[in-house]
Amino acid sequence: MSIQELIQAGNGSTILMVTPQMLQEFSLQVAKLVQEQQHVKREELFTPSQFAQRHGVDRSTLWRWRKNGLLKATVVGTKIYYKDTDLITTSRED
(Lines give C-alpha, C1' and ligand atoms only; values in the text may rest on other atoms or scores of the structure.)
Protein backbone atom coordinates (compact mmCIF):
# COMPACT_ATOMS: atom_id res chain seq x y z
CA MET A 1 0.00 0.00 0.00
CA SER A 2 1.40 3.42 -0.93
CA ILE A 3 1.61 6.40 1.43
CA GLN A 4 -1.05 8.20 -0.57
CA GLU A 5 -3.41 5.22 -0.21
CA LEU A 6 -2.68 5.09 3.52
CA ILE A 7 -3.45 8.80 3.87
CA GLN A 8 -6.70 8.47 1.91
CA ALA A 9 -7.79 5.44 3.94
CA GLY A 10 -6.86 7.04 7.26
CA ASN A 11 -9.37 8.42 9.71
CA GLY A 12 -7.29 11.37 10.84
CA SER A 13 -5.62 9.59 13.75
CA THR A 14 -3.60 7.03 11.81
CA ILE A 15 0.08 6.63 12.55
CA LEU A 16 2.06 5.74 9.46
CA MET A 17 5.15 3.60 9.48
CA VAL A 18 6.91 3.89 6.16
CA THR A 19 10.01 2.46 4.60
CA PRO A 20 12.60 4.70 2.97
CA GLN A 21 11.47 3.31 -0.40
CA MET A 22 7.84 4.29 0.29
CA LEU A 23 8.93 7.77 1.36
CA GLN A 24 11.05 8.18 -1.77
CA GLU A 25 8.14 7.06 -4.00
CA PHE A 26 5.78 9.49 -2.26
CA SER A 27 8.24 12.39 -2.60
CA LEU A 28 8.59 11.67 -6.32
CA GLN A 29 4.78 11.73 -6.69
CA VAL A 30 4.59 15.07 -4.87
CA ALA A 31 7.42 16.51 -6.98
CA LYS A 32 5.64 15.39 -10.16
CA LEU A 33 2.36 17.00 -9.07
CA VAL A 34 4.13 20.28 -8.24
CA GLN A 35 5.90 20.26 -11.59
CA GLU A 36 2.61 19.66 -13.45
CA GLN A 37 0.91 22.51 -11.59
CA GLN A 38 3.74 24.90 -12.42
CA HIS A 39 3.31 24.14 -16.12
CA VAL A 40 -0.33 25.23 -16.02
CA LYS A 41 -0.42 28.46 -17.98
CA ARG A 42 -1.58 31.39 -15.93
CA GLU A 43 -3.99 33.51 -17.86
CA GLU A 44 -3.21 37.15 -18.29
CA LEU A 45 -5.85 39.72 -17.39
CA PHE A 46 -6.44 42.58 -19.83
CA THR A 47 -8.13 45.92 -19.27
CA PRO A 48 -11.10 46.62 -21.56
CA SER A 49 -8.92 48.87 -23.74
CA GLN A 50 -6.18 46.26 -24.02
CA PHE A 51 -8.66 43.47 -24.75
CA ALA A 52 -10.48 45.52 -27.39
CA GLN A 53 -7.23 46.42 -29.12
CA ARG A 54 -6.04 42.82 -28.89
CA HIS A 55 -9.18 41.61 -30.68
CA GLY A 56 -9.48 44.53 -33.10
CA VAL A 57 -12.81 45.84 -31.82
CA ASP A 58 -14.14 48.91 -30.05
CA ARG A 59 -14.74 48.92 -26.29
CA SER A 60 -18.47 49.30 -26.95
CA THR A 61 -18.32 45.93 -28.72
CA LEU A 62 -17.06 44.37 -25.49
CA TRP A 63 -20.08 45.77 -23.67
CA ARG A 64 -22.40 44.32 -26.34
CA TRP A 65 -20.65 40.94 -26.21
CA ARG A 66 -21.06 40.86 -22.42
CA LYS A 67 -24.75 41.81 -22.74
CA ASN A 68 -25.30 39.01 -25.27
CA GLY A 69 -23.41 36.42 -23.20
CA LEU A 70 -20.46 36.08 -25.57
CA LEU A 71 -17.92 37.50 -23.15
CA LYS A 72 -17.44 36.98 -19.43
CA ALA A 73 -15.68 39.55 -17.30
CA THR A 74 -13.42 39.19 -14.30
CA VAL A 75 -14.20 41.88 -11.75
CA VAL A 76 -11.52 42.84 -9.24
CA GLY A 77 -12.90 45.42 -6.84
CA THR A 78 -14.47 48.00 -9.14
CA LYS A 79 -12.26 47.20 -12.14
CA ILE A 80 -13.25 44.98 -15.06
CA TYR A 81 -10.74 42.70 -16.73
CA TYR A 82 -10.94 40.12 -19.49
CA LYS A 83 -9.06 36.91 -20.23
CA ASP A 84 -8.72 35.48 -23.72
CA THR A 85 -10.62 32.38 -22.57
CA ASP A 86 -13.56 34.57 -21.47
CA LEU A 87 -14.47 35.17 -25.11
CA ILE A 88 -16.96 32.57 -26.29
CA THR A 89 -16.49 31.90 -29.97
CA THR A 90 -19.25 30.38 -31.97
CA SER A 91 -19.02 28.79 -35.36
CA ARG A 92 -21.68 29.69 -37.90
CA GLU A 93 -23.20 27.11 -40.17
CA ASP A 94 -23.89 28.33 -43.68
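Residues numbered from 1 in each chain as written. Predicted model: local features only at pLDDT ≥ 70, side-chain atom pairs only at ≥ 80, totals over all residues. Heavy atoms only, no water.

K.L.:
I'd like a description of the overall build of the protein chain, backed by residues and values.
P.N.:
Secondary structure assignment for the protein chain yields four helices and two strands. Overall, the protein chain shows an N-to-C arrangement of helices and strands of α-α-α-α-β-β. A burial count over the protein chain gives 14% of its 94 residues as buried. Taking the intrachain contacts of the protein chain between residues at least 6 apart in sequence as the baseline, contacts between residues at least 24 apart amount to 35%. Just so you have it, the protein chain exposes about 8,100 Å², and 52% of that area is on carbon and sulfur atoms. (Helix = DSSP H or I, 4+ residues; strand = E, 2+ residues; numbered from the N terminus. Buried < 20%, exposed > 50% of the residue type's maximum accessible area, 1.4 Å probe, protein only. Contact = heavy atoms within 4.5 Å. Areas by Shrake-Rupley, 256 points an atom, 1.4 Å probe, with all protein chains shown as cover.)

K.L.:
Kindly report on the packing of aromatic side chains, identifying the contributing residues and their values.
P.N.:
The geometry of an aromatic ring pair comes down to the distance between the two centres and the angle between the two planes. This structure, assessed with the given rule, holds one aromatic pair. Between Phe51 and Tyr82, the aromatic rings sit 5.1 Å apart at their centres with planes inclined by 35 degrees, giving tilted as the arrangement. Here Phe51, found in helix H3 (residues 48–55), pairs with Tyr82, found in the segment after strand S2 (79–81); they are 31 residues apart in sequence, far enough to count as distant. Exposure remark for Phe51: the relative accessible area of 0% places this residue in the buried category. (Phe/Tyr/Trp six-rings, centres within 6.5 Å; stacked < 30°, edge-to-face > 60°.)

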